[in-house]
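Chain by chain, the residues:
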Amino acid sequence: MLSEKLLKALNDQITHEFASANLYLSMAAYCAAQGYEGFSSFFIMQAEEERFHAMKFFHFVNELGGQVVISGYPDPQQEFASVKDTFEKALAHEKFVTKLINDLLDLAESEKHRPTISFLQWFVDEQVEEEDSFNTIIDKFNIIGDTGPGVYMLDKELGQRTFSPEGSDQ
Ligand SMILES: [Fe+2]
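Residues numbered from 1 in each chain as written. Predicted model: local features only at pLDDT ≥ 70, side-chain atom pairs only at ≥ 80, totals over all residues. Heavy atoms only, no water.

Enquirer: Quick one: what's the story with the nonpolar core, residue by residue and with numbers?
Expert: Of all hydrophobic cores here, the largest spans 24 residues; its most connected members are Phe39, Phe43, Val83, Phe87, Phe134 and Phe141. Listing elements by their share of this core, those giving two or more residues are helix H1 (4-33), helix H2 (37-63), helix H3 (83-110), helix H4 (114-144) and helix H5 (149-158). Counting residues per element, this core draws most heavily on H1, which supplies seven residues. For phenylalanine 43, the residues in contact, after removing those within four places along its chain, are Tyr24, Met27, Ala28, Cys31, Thr86, Phe87, Ala90 and Phe134. One finds Leu7, Val68, Val97 and Leu107 within the second-largest nonpolar core, a separate group that totals 21 residues. (Core = buried A, V, L, I, M, F, W, Y, C linked by side-chain atoms within 4.5 Å. Buried < 20%, exposed > 50% of the residue type's maximum accessible area, 1.4 Å probe, protein only. Helix = DSSP H or I, 4+ residues; strand = E, 2+ residues; numbered from the N terminus. Contact = heavy atoms within 4.5 Å.)

Enquirer: So what's going on with the packing of H1 against H2? Residues and values would help.
Expert: Relative orientation of the contacting elements H1 and H2 amounts to 170 degrees, with a least axis distance of 8 Å. In terms of their interaxial angle, H1 and H2 are classed as roughly antiparallel. Where H1 crosses over H2, the handedness of that crossing is left-handed. (Axes fitted to C-alpha atoms, helices over the stretch in contact; angles between N-to-C directions. Parallel < 35°, antiparallel > 145°, perpendicular 65-115°, else oblique. Left-handed = near helix turned anticlockwise from the far one by under 90°.)

Enquirer: Describe the packing of aromatic side chains, with residues and values.
Expert: Using the criterion set out here, one finds 20 aromatic pairs in the structure. Aromatic side chains phenylalanine 43 and phenylalanine 134 sit 6.5 Å apart centroid to centroid with 15 degrees between the ring planes, which places their arrangement in the stacked category. Here phenylalanine 43 is found in helix H2, whereas its partner phenylalanine 134 is found in helix H4, with 91 residues between them in sequence. In this structure phenylalanine 43 comes out as buried when scored by relative accessible area, which is 0%. A centroid spacing of 3.9 Å and a plane angle of 5 degrees characterise the contact between phenylalanine 60 and phenylalanine 119, whose relative ring orientation is stacked. Here phenylalanine 119 lies in helix H4 and phenylalanine 60 lies in helix H2, a separation of 59 residues in the sequence. Among the aromatic side chains, those forming a connected cluster through ring pairs are Tyr24, Tyr36, Phe39, Phe42, Phe43, Phe87, Phe134 and Phe141. Lying across the ring of tryptophan 122, lysine 56 places its NZ or CZ 4.2 Å from the centre. Sitting over the ring of phenylalanine 42, arginine 161 keeps its end group 4.5 Å from the ring centre. (Phe/Tyr/Trp six-rings, centres within 6.5 Å; stacked < 30°, edge-to-face > 60°. Lys NZ or Arg CZ within 6 Å of the ring centre and 35° of its normal.)

Written as structure tokens, this is what we have:
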């Protein structure tokens with residue numbers, strides 16, 4: 001049986017995942033405006049992934065017989081100091097999401113709600129990958145600097161990213 005408290009926490013996470021998608025789209029818009037089409041495309045893929053996360057929660061709540069509640073969310077940040085700054089903000093955001101997932105797992109464990117505990121394990125693993133992915137990109141920026149030919153090459157590299165929901169590990 002899904003408690004009201006756990007249902008609300010799961011619904012809140014749906015809102016956070018959609019809000020994440022919006023934040024990444026905002027970063028995509030900023031990068032495109034700076035002329036970095038590859039970084040922009042990368043963040044669009046990231047936004048797709050966040051919508052996929054939101055829908056995983058959506059279907060899970062439905063399967064449990066709870067009613068999904070779609071809530072609004074604040075405007076995302078729209079201006080950034082540089083393209084490197086967008087990736088630093090993205091990493092900080094993923095650390096925030098990791099905390100949300102961990103808090104949700106703590107709640108599910110305190111209620112001994114095994115389906116949610118099991119469901120969340122995928123997200124625990126996913127957050128490790130998300131943080132690692134952004135850390136790796138920031139490491140590259142630290143090597144090549146904020147501007148110049150290296151950034152042009154990195155833009156080309158990250159523009160190759162694709163997203164497919166099944167077996168997604170990006
Ligand atoms: Fe997510």
